[in-house]
Amino acid sequence: MKKIAIYPGSFDPITNGHIDLIRRASKLFDQVIIGITQNSNKTSFLSIEDRIQATSTALSDIDNIKVLGFDTLLVDFATEQNAQVILRGLRAVSDFEYEFQLSGMNKHLNPNIETLFMTPAEQYANISSSLVREILLLGGDISAFVPQSVEKLLKTKL
Ligand code: ADP
């Protein structure tokens, strides 16, 4: 049986922290599916098409990944993709409460799917998509936080 993990998130935009996690997860699983949420209640900075494109480009050198958008229940999306694992990132204690609640809910909805947490390398622990957007909008330098292709795309949105 192929070991498949889903890494879900908004990826608005994908950052070097996300990429660090995906790169390491791609060595542990046969396939890692990056599931980009198309949540209509949450307004995003980049469109779903741009987020899929930016994520695919940023990860183009990793073979065993797939980038997909989804707007269904995460456990249903995981089942549909034959994934056994939901992958989430933990940066700091502040992430814990929300992630703990989310994993509990998902376990209740489908006990067969495990949530696994990974932490990024130290230098990526302070990066978040929301901070990247804020720095961008205020004219700051985001080059240390996102790949060049993502920086270029973000600048066209200003
Ligand atoms: P969401 O809106 O679902 O939180 P994000 O795209 O912000 O989506 O994040 C997706 C996942 O990646 C979450 O589990 C988040 O904690 C994790 N994550 C975000 N930034 C980093 C980072 N710099 N290092 C490791 N994990 C991260």
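As shown above, the structure is provided for reference.
Everything in this summary refers to the structure shown in the same document.

Conventions used here
- Residues numbered from 1 in each chain as written.
- Predicted model: local features only at pLDDT ≥ 70, side-chain atom pairs only at ≥ 80, totals over all residues.
- Heavy atoms only, no water.
- Helix = DSSP H or I, 4+ residues; strand = E, 2+ residues; numbered from the N terminus.
- Buried < 20%, exposed > 50% of the residue type's maximum accessible area, 1.4 Å probe, protein only.
- Contact = heavy atoms within 4.5 Å.
- Pairing = 2+ DSSP bridges.
- Right-handed = clockwise from strand over helix to strand, strands pointing away.

1. So, the overall build of the protein chain
Line of reasoning, step 1. Each helix and strand in the protein chain was counted, giving six helices and five strands.
Line of reasoning, step 2. Starting at the N terminus and walking to the C terminus, you meet the elements of the protein chain as β-α-β-α-β-α-β-α-β-α-α.
Line of reasoning, step 3. Out of the 158 residues in the protein chain, the part that is buried amounts to 44%.
Line of reasoning, step 4. Restricting to contacts in the protein chain with at least 6 residues of sequence separation, those with at least 24 account for 76%.

2. Observations regarding the pairing of strand β5 (residues 114-118)
Line of reasoning, step 1. Here strand β4 (residues 85-89) pairs with β5 via five bridges, running parallel. Bridge assignment links G89 to a residue of β5, and that residue is M118.
Line of reasoning, step 2. Taken together, β4, helix α4 (residues 93-109) and β5 constitute a β-α-β crossover, and its handedness is right-handed.

3. Let's talk about the environment of V93
Line of reasoning, step 1. Secondary-structure assignment places V93 in helix α4.
Line of reasoning, step 2. Each C-alpha atom, one on V93 and one on G140, is 27 Å from the other, the two residues being 47 residues apart in sequence.

4. As for unusual backbone geometry
Line of reasoning, step 1. In this chain, D12 is followed by P13 through a cis amide linkage whose omega measures 5°.
Line of reasoning, step 2. Within the secondary structure, P13 is located in the loop between β1 (4-9) and α1 (16-25).
Line of reasoning, step 3. In this model, N82 sits at a positive phi of 60°, which is unusual for a non-glycine residue.
Line of reasoning, step 4. By secondary structure assignment, the location of N82 is in the loop between α3 (74-80) and β4.
Line of reasoning, step 5. Looking at N82, the relative accessible area reads 55%, which means it is exposed.

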